Amino acid sequence: GIMTVSNYQKPEIPADEEERLSELNRLSILDTAAEVRFDRYTSMVADIFDFPVVLVSLVSHDRQWFKSSIGLDLKECPRDISLCGHAIVQQGVMVIPDTLKDKRFANNPLVTGEPYIRFYAGAVVHSPKGQPLGTLCLIDHEPREFNEQQCKRLRQFAELIESEIKHNSDLEELRASVEFSAFYDPLTQLPNRRLLTDRLEKLLELSEFEKRQVAVLLFNVAGLRLFNQ
């Protein structure tokens with residue numbers, strides 16, 4: 001359930017949190033460098049909605065980290081005070097017209113101190129498997145109204161962010177598949193000669209660098225032809 005600390009509410013933990021974190025880690029997007037494909041969306045959203053701060057936020061075990069940001073110098077903050085942490089457990093877009101009039105957030109350090117959040121709107125960004133990874137969110141330093149049409153548009157932009165994440169995931173799966181077919185026998189699923197050669201070359205380079213020796217053990221397997229039947 002929700003815990004209250006220092007008169008502000010900590011985010012609830014999703015019921016399937018372990019699976020959610022596993023999916024977030026599998027996507028290998030946390031703590032990665034800035035990318036134009038994400039930054040172009042935050043910049044576009046800031047212009048279209050006329051907001052000073054726009055973030056692509058990913059909520060991990062104990063922090064929220066910003067994959068892309070406009071108008072904010074922070075790269076991350078503790079999950080305990082994260083507004084996006086609240087948004088990922090909700091359906092639709094979470095809108096807080098005035099944080100100072102909302103008892104959940106009025107005393108939150110991100111409201112009472114930098115970056116002085118007075119308005120927040122966050123649309124959940126899901127993984128390819130449907131897990132809530134974080135949000136595409138809008139922040140202002142003044143209270144604002146946000147209508148249904150604006151919520152719908154923000155949701156559409158969040159779906160574009162989801163498409164970018166899925167595209168990257170699909171490319172990684174394709175790369176892994178190609179690598180597997182190149183280095184493993186399709187019948188036995190065992191490493192093939194190409195993989196042996198590749199690993200030996202790397203070991204020889206490493207041994208030369210570290211002034212160490214490499215030993216190769218050869219052995220014969222009787223009845224190997226039975227695998228081909």
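A word on the pattern of salt bridges
A side chain with one charge may pair with a side chain of the opposite charge, provided their charged atoms come close. For the coordinates displayed, the defined rule picks out 15 salt bridges. Arg-63 serves as the salt-bridge partner of Asp-31, at 2.7 Å between the closest nitrogen and oxygen. Placement of the pair is Asp-31 in the loop between α1 (17-26) and α2 (36-49) and Arg-63 in strand β4 (residues 63-70), with a sequence separation of 32 residues. On the accessibility criterion, Asp-31 (47% relative accessible area) is partly exposed.

Here's the deal with the pairing of β4
Within β4, six of the eight residues are buried, which leaves the element mostly enclosed by the surrounding structure. Where strand β3 (residues 53-59) lies against β4, six bridges are found, and the strand directions are antiparallel. When the sheet's bridge partners are listed, Val-56 is paired in β4 with Ser-68. Here β3 folds back onto β4, and the loop between the two strands holds three residues. Where β4 and strand β5 (residues 76-78) come together, three bridges link them in antiparallel fashion. Bridged to Trp-65 within β5 is Glu-76. Where β4 hands over to β5, the hairpin turn is made up of five residues, of which Gly-71 adopts a positive phi near 80°.

Digging into empty space enclosed by the protein
One way to see where empty space is left: roll a probe the size of a water molecule over the atoms. Applying the stated criterion across every chain, the model contains one cavity of 30 Å³ or more. For the largest cavity, the calculated volume is near 90 Å³. Leu-55, Gln-64, Leu-110, Ile-117 and Ile-139 are the residues nearest the centre of the largest cavity, which is lined by 14 residues in total. Among the elements of the structure, β4, α3 (83-87) and β8 (132-140) are those that each provide at least two residues to the lining of the largest cavity. Partitioning the lining of the largest cavity into residue classes produces 13 nonpolar, one polar and no charged.

Here is what the cut-offs are and how they apply
Residues numbered from 1 in each chain as written. Predicted model: local features only at pLDDT ≥ 70, side-chain atom pairs only at ≥ 80, totals over all residues. Heavy atoms only, no water. Salt bridge = Lys/Arg side-chain N within 4 Å of Asp/Glu carboxyl O. Helix = DSSP H or I, 4+ residues; strand = E, 2+ residues; numbered from the N terminus. Buried < 20%, exposed > 50% of the residue type's maximum accessible area, 1.4 Å probe, protein only. Pairing = 2+ DSSP bridges. 1 Å grid on protein atoms, 1.4 Å probe; cavity = no way out; pocket = protein on both sides within 12 Å on 5 of 7 lines; lining within 4 Å. Points joined across faces, edges and corners; volume = space filled by probe spheres on them. Nonpolar A, V, L, I, M, F, W, Y, C, P; charged D, E, K, R; others polar.

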